[in-house]
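What follows is each chain in one-letter form.
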Amino acid sequence: MVMNSPIDASHKGSFDTHASIQDYYGQVLKSSADLKTSACCLAETLPVHVRDALKDVHPEVLERFYGCGSPIPPALDGATVLDLGSGSGRDCYVLSKLVGAQGRVIGVDMTDEQLAVARRHLGWHAGRLGHANVDFRTGFIEDLGAAGIADASVDVVISNCVLNLSPDKGRCFAEIFRVLKPGGELYFSDVFADRRVPRELATDPVLLGECLGGALYIEDFRRAIARVGCLDARVVSSTPLELHNPEIERKAGHIRFFSMTVRAFKLALEDRCEDFGQVATYLGTEPNHPHAFVLDDHHRLETGRPMLVCGNTADMLGRTRYGSHFRVTGDQSRHFGLFDCSPGAMAQTSEAGAKAGCC
């Protein structure tokens, strides 16, 4: 468990981060119109099936949504999904439709006012979808055990612009990987920074509430998640944030903020991309992605087109719930050295006609 990482240092001391966040999201913000910057606003286009699912979400739930991305991964049918900082429940209700009647969705949040909105519409959504599979729990994302989340009990953990709000991100990552099943996935959207945010900004109630004060420095995130055993987290998308608030831009100075969606798996991966001559072919069988599967910002696997991949990518595609949608050929019994991971790199075409990917 990471307790003394620089990722948490700026939030320690007498400032009560949880109380500040509860006040901001429970009392200050009454709807998304009250936000002072664009940081907690959607920064990417939603997939068609997610947009369709949003049509079955209650208007009050949508009005009280504060998120910065679309952390809804593919292949969710029948899955147990945990939403950290579920707020008014928007993503939980979207997930309720996507996991289906055999799946399960758990939302954890610490703000009573937000949870009241989410719980008020449980019956409405159950009637709309024809099944009741959502459970909202009061709790802190740094202590999921107190919210009744058992070890290795969850297939997917998502979070939408919430991990930045935690005063102990290292403990959050430790808890996430405790509750994930082997091969399970963390898929989250959040605000990242190109440097460590100084304490005077990290404890500013407005900047903190607007998801800027607690923004994760990209390298500290990499170090923190590695400490809990994840050696290869992948960026799915990254968009620079324009704050559109002169006073907050003045305070932020030269800090650059990004809305990023990241995925990580509970797998025994290596800390470098190694070449074992493995080839992955997407079968096109995930219903919402018939033409291609996007693993990260540099792995887009077209249906039916073989791609040479590193050992880590082969495991992400073949040893997770995505395995039924891929044909992975070759094993890791023979090693060919480091995989070429330079941006846009094209390795030698294999005998199988595989196009190289990069990691």
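Residues numbered from 1 in each chain as written. Predicted model: local features only at pLDDT ≥ 70, side-chain atom pairs only at ≥ 80, totals over all residues. Heavy atoms only, no water.

Draft legend 1. Region of interest: the side chain of Ser96. For Ser96, the position within the fold is in helix α5 (residues 90-99). Judged by relative accessible area, Ser96 falls into the buried class, the value being 2%. Within the local environment of Ser96, its side chain forms a polar contact with the side chain of Asn133, the two groups lying 2.5 Å apart. (Helix = DSSP H or I, 4+ residues; strand = E, 2+ residues; numbered from the N terminus. Buried < 20%, exposed > 50% of the residue type's maximum accessible area, 1.4 Å probe, protein only. Polar contact = N/O pair within 3.5 Å; in protein donor to acceptor, adjacent residues only side chain to side chain.)

Draft legend 2. Region of interest: the packing of aromatic side chains. For the coordinates displayed, the defined rule picks out 10 aromatic pairs. Between Phe188 and Phe221, the aromatic rings sit 5.8 Å apart at their centres with planes inclined by 65 degrees, giving edge-to-face as the arrangement. Residue Phe188 is located in strand β5 (residues 180-193), and its partner Phe221 is located in helix α11 (residues 218-227); the two are separated by 33 residues in the primary sequence. Summarising the burial analysis for this pair, Phe188 and Phe221 share the class buried. Note on Phe293 and Tyr322: the rings are 5.0 Å apart at their centroids and 70 degrees apart in plane angle, and the pair reads as edge-to-face. (Phe/Tyr/Trp six-rings, centres within 6.5 Å; stacked < 30°, edge-to-face > 60°.)

Draft legend 3. Representation of the confidence of the model for the protein. Overall, the prediction assigns the protein a mean pLDDT of 87, with 82% of residues at 70 or greater. Scored below 50 in pLDDT, residues 343-359 makes 41 contacts in the model with residues more than four places away or belonging to other chains. (pLDDT = per-residue confidence, 0-100. Contact = heavy atoms within 4.5 Å.)

Draft legend 4. Quick peek at the nonpolar core. Counting 30 residues, the largest nonpolar core has Leu82, Val157, Phe173, Ile176 and Leu186 as the members making the most contacts within it. Among the elements of the structure, β1 (80-84), β2 (104-109), β4 (154-160), α8 (169-179), β5, α11 and β8 (257-265) are those that each provide at least two residues to this core. With five residues, the single largest contributor to this core is α8. In contact with Leu82, not counting residues within four places along its chain, are Ile106, Val108, Leu144, Ile149, Val154, Val156, Val157, Ile158 and Val179. (Core = buried A, V, L, I, M, F, W, Y, C linked by side-chain atoms within 4.5 Å.)

Draft legend 5. Summary view of the pattern of salt bridges. Here the structure, examined in full by the defined rule, presents 21 salt bridges. As a salt-bridge pair, Asp151 and Arg178 come within 2.6 Å of each other at their nearest N and O atoms. Taken together, the positions of Asp151 in the loop between β3 (134-138) and β4 and Arg178 in helix α8 put the pair 27 residues apart, joining distant regions of the chain. For Asp151, a relative accessible area of 52% corresponds to the exposed category. The salt bridge partner of Arg222 is Glu219, with a shortest N-O separation of 2.8 Å. With Arg222 and Glu219 both in helix α11 and three residues apart, this pair spans about one turn of that helix. Judged by relative accessible area, Glu219 falls into the partly exposed class, the value being 28%. (Salt bridge = Lys/Arg side-chain N within 4 Å of Asp/Glu carboxyl O.)

Draft legend 6. Summary view of the pairing of strand β10 (residues 292-296). Of all five residues making up β10, four are buried, and the element is well covered by its neighbours. Pairing geometry for β10 and strand β11 (residues 299-302), over four bridges, is antiparallel. Its bridge partner being in β11, Ala292 is matched across the sheet by Glu302. (Pairing = 2+ DSSP bridges.)

Draft legend 7. Looking closely at α5. Burial of α5 is extensive: nine of the 10 residues sit out of reach of the surface. Taken as a whole, α5 has its buried residues at Arg90, Asp91, Cys92, Tyr93, Val94, Leu95, Ser96, Leu98 and Val99. The positive-phi residue at the C-terminal boundary of α5 is Gly100, with phi of around 80 degrees.

Draft legend 8. Main features of the environment of Asn245. Position of Asn245 among the secondary structure elements: in the loop between β7 (234-240) and α12 (246-252). Side-chain polar atoms of Asn245 contact the backbone nitrogen of Ile248, separated by 3.1 Å.

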